[in-house]
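# Examination of the molecular architecture
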Amino acid sequence: MTIISVVMGTILGLISCIVQIKRFPVLCQLSRLYVLVCRSLPNMVLLYLVYYGLPIAFLALSDHTGIHVPFEVVPAVFVAAVGLTLHTGAYLSEIFRAALQSVPEGQIEASRALGMTWFQAFRRVVLPQASVFALPLFANQFLSTMKSTSICFVITVVELFGAAKLYCEDNSQYFEAYIVVACLYWGMGIIFEYMFSRLEAVLGKYKRGNV
Amino acid sequence: MIKIENVRKSFGGKEVLKNISMTVPTGTVTVILGPSGSGKTTFLRTLNFLGRADSGTITFNDNSVDLHNASPKEIIQVRRSTAMVFQMYNLFSNMTALGNVMEGLVTIRKKKKREARDIAMKCLYEVGMETYSDYYPVQLSGGQQQRVGIARALAMNPQIILFDEPTSALDPELVGEVLAVIRKIARELKVTMIIVTHEIAFAKEIADQVVFMEGGNVIEKGTAEDVLIHPHELRTQQFLTRYLAISGSSDSGREK
């Protein structure tokens, strides 16, 4: 669920921040509004809003257009993923914006002067540098999203934390259960942190040189 | 031959380029001189659409492009037949020296990596940077970075190279090596160029044509000897006198 939310959030965040940087009319304002709203809402509130709001939205949709979305069978996990994606996407959008703006304007000009298209310049010059800037912040956001999955229990999703809670209710071994949960989160955190720091070292090679 | 006609541009109601025209014959060097704020850099940047002129045309051989209303396709086409060397070098910091020079060949010219590498190494050799091909820009001095910048421009085999104050950001000690490279490619490779610079002694030595600009106007235009040694216009004379008074001695020292 973490990975799905972060991947989808990355796509959403990237689109949102490119729309803002390229200043597409209307879309740009929409994306600003989205970032503003989703960043200022607590994660749990956002989850509840999506959980209770989606069915209402789908109902309204089928009332007006006759298109029926079978939302009754949509699993809560899906709703949770949508909520986390919205939340993560908003944060990542800001991270990506800062990262893209960290690439010196002169290098973009140089690539345009060579005759590169906007996309070529983005792919060859901007993205490789921006990703090094964004990676530590991205890792932060990834871990934070991973931990936020524990509140998805409020909308009936049984994830790690939820499972522990259920176990406790049956066996009353609260401390033991939560210790196990903490260790599992800790383990996952360490693994991902290691992966991110390796990746950062590889991508950031040009900052130190290789000779 | 490259012909540039009637370039005008305003920033917020202030006219910074007032009808600039010049012709640059193939294989010659045109140097643009003038005080700061005279529009030299702005003019240069309109030629490859890094800045948009309000009007004007640029003509390569018989192919004219409107500097104001060019289509995106025409803009790319002009950019691919010109190259620019920047005041701040603007090397791609995520690529090695070799990578910087290869980049245009691979991404734009769609050449095979091997072929691009051969051309790029040849260009690095021209600027004396072949032994630094694996260095990243952070590991190079300003002068070395600028030489790589020149190699990057050379590699595209452009019809003209635009130099935007190529030595202004350098330590005085490093100016010489960059000027030497420019001198060499002008003489040996007969590359057509427009150079915006403050190095008057260098201009005197290398320019086939000198253009003196001030306040968005071309004040005087002619051979280096005409403009720099026997200037007709009072403004040119004043500029040269003041310039020589400030930096005459140190400037001649760089020409060794």
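Keep in mind the model is a prediction, meaning the values are calculated, not measured. (Residues numbered from 1 in each chain as written. Chains lettered and ligands numbered in written order. Predicted model: local features only at pLDDT ≥ 70, side-chain atom pairs only at ≥ 80, totals over all residues. Heavy atoms only, no water.)

### Things to note about the overall build of chain B
Rule in force here: For helices the rule is a DSSP run of H or I covering at least 4 residues; for strands it is a run of E covering at least 2, with both sets numbered from the N terminus onward. Our radius of gyration is a C-alpha quantity, and the globule rule it is checked against amounts to 2.2 Å times the number of residues to the power 0.38. For every residue, the accessible area obtained with a 1.4 Å probe (protein chains only) is divided by the maximum for its type, and the residue is called buried under 20%, exposed over 50%, and partly exposed between those limits. For every accessible area listed, the method is Shrake-Rupley and the probe measures 1.4 Å; residues are considered covered only by the protein chains on display. We count Lys and Arg on the positive side and Asp and Glu on the negative side, and we leave His and both chain ends out. To locate a charge, take atom NZ for lysine, CZ for arginine, CG for aspartate or CD for glutamate.
Of the regular secondary structure elements, chain B holds nine helices and ten strands. Scaling as 2.2 N^0.38, a compact globule of 256 residues should have a C-alpha radius of gyration of about 18 Å, and chain B matches this with 18 Å. Burial analysis of chain B (256 residues in total) assigns 56% to the buried set. Split by element, the accessible area of chain B, about 11,000 Å² in all, is 49% carbon and sulfur. When the 31 basic and 28 acidic side-chain charges of chain B are each reduced to a single mean position, those positions are 6 Å apart.

### Observations concerning the UniProt feature "domain: ABC transporter" (unreviewed entry) in chain B
The line we're drawing: UniProt positions are given in the numbering used here, feature names are shortened, and annotations may be inferred rather than shown by experiment.
When the UniProt feature table is mapped onto this chain, "domain: ABC transporter" (unreviewed entry) is found at residues 2–240 of chain B. With 40% helix and 26% strand, residues 2–240 of chain B has end C-alpha atoms that lie 28 Å from one another.

### Some details on the packing of aromatic side chains
Short version of the rule: The rule is short: rings of Phe, Tyr and Trp, with Trp giving its six-membered ring, pair when the centres are within 6.5 Å, and they are stacked under 30 degrees, edge-to-face over 60, tilted in between. Here, a charge over a ring means that NZ of Lys or CZ of Arg falls within 6 Å of the ring centre while also lying within 35 degrees of the ring normal.
For the coordinates displayed, the defined rule picks out ten aromatic pairs over all chains. Note on F138(A) and F196(A): the rings are 5.9 Å apart at their centroids and 75° apart in plane angle, and the pair reads as edge-to-face. Of this pair, F138(A) sits in helix α6 (residues 118–148) while F196(A) sits in helix α8 (residues 174–203), and the two are 58 residues apart along the sequence. For the pair F138(A) and F196(A), one class covers both residues: buried. A cation sits over an aromatic face here: R152(B) above F92(B), 4.7 Å from the ring centre.

### Topic: the pattern of salt bridges
Applied cut-off: Any Lys or Arg side-chain nitrogen located within 4 Å of an Asp or Glu carboxyl oxygen qualifies as a salt bridge.
Counted under the stated rule, the structure contains eleven salt bridges over all chains. The residue R97(A) makes a salt bridge to E94(A) at a minimum N-O spacing of 3.0 Å. With R97(A) and E94(A) both in helix α4 (residues 76–101), this residue pair falls three residues apart, about one helical turn. Here R97(A) falls in the partly exposed class, since its relative accessible area comes to 26%. Relative accessible area serves as the criterion here: at 16%, E94(A) is assigned to the buried category. Where E103(B) meets R124(A), a salt bridge forms, and the shortest distance between an N and an O atom there is 2.7 Å. With one member in each of two chains, E103(B) in helix α3 (residues 97–108) and R124(A) in helix α6 form a pair that bridges those chains. Given the relative accessible area of 31%, R124(A) is considered partly exposed. Three or more residues are tied together by salt bridges with common partners; here these are R39(A), E94(A) and R97(A).

### Details of helix α6 (residues 172–188) of chain B
What counts, and what does not: Multiplying 1.5 Å by the residue count of a helix minus one yields the expected span of that helix.
Between the first and last C-alpha of α6(B) there are 25 Å, a value that for 17 residues agrees with the 24 Å anticipated at 1.5 Å per step. Along α6(B), the positions that sit buried rather than exposed are L174(B), V175(B), V178(B), L179(B), V181(B), I182(B), R183(B), I185(B) and A186(B).

### As for empty space enclosed by the protein
Note the threshold: A cavity, in this analysis, means grid points on a 1 Å lattice covering only the protein atoms where a 1.4 Å probe fits yet has no way out; a pocket is instead an open set bounded by protein on both sides within 12 Å along at least five of seven lines, and a residue lines either one if it has an atom within 4 Å of a point. Grid points are joined across faces, edges and corners, and a volume is the space filled by probe spheres set on the points. Ten residues, namely Ala, Val, Leu, Ile, Met, Phe, Trp, Tyr, Cys and Pro, are considered nonpolar, four, namely Asp, Glu, Lys and Arg, are considered charged, and the remaining ones, Gly among them, are considered polar.
Across all of its chains, the model carries one cavity of 30 Å³ or more by this definition. Volume-wise, the largest cavity comes out at about 50 Å³. Considering the residues around the largest cavity, the lining is formed by A110(A), A113(A), L114(A), A83(B), M84(B), F86(B), R152(B) and A153(B). At the level of secondary structure, the elements contributing two or more residues to the lining of the largest cavity comprise α5 (105–114) of chain A together with β6 (82–85) and α5 (142–155) of chain B. For the lining of the largest cavity, the leading source of residues is α5(A), giving three residues. Looking at the lining of the largest cavity residue by residue, the classes come out as seven nonpolar, no polar and one charged.

### A few points about the confidence of the model for chain B
Residues and elements named next belong to chain B. Formally: Looking at any residue, its pLDDT shows the predictor's confidence there, from 0 to 100. Only heavy atoms matter for contacts: two residues are in contact if any of them lie within 4.5 Å across the pair.
This prediction gives chain B a mean pLDDT of 92; 96% of its residues lie at or above 70. Here residues 248–256 scores under 50 on pLDDT; set against residues more than four positions off or in separate chains, the count is 14 contacts. Two numbers describe this predicted complex: its pTM, 0.84, and its ipTM, 0.88.

### Quick word on the environment of V178(B)
Note on placement: V178(B) falls in helix α6. When residues no more than four places from it in sequence are discounted, the contact partners of V178(B) are G143(B), Q146(B), R147(B), I150(B), P166(B), T167(B) and L170(B).

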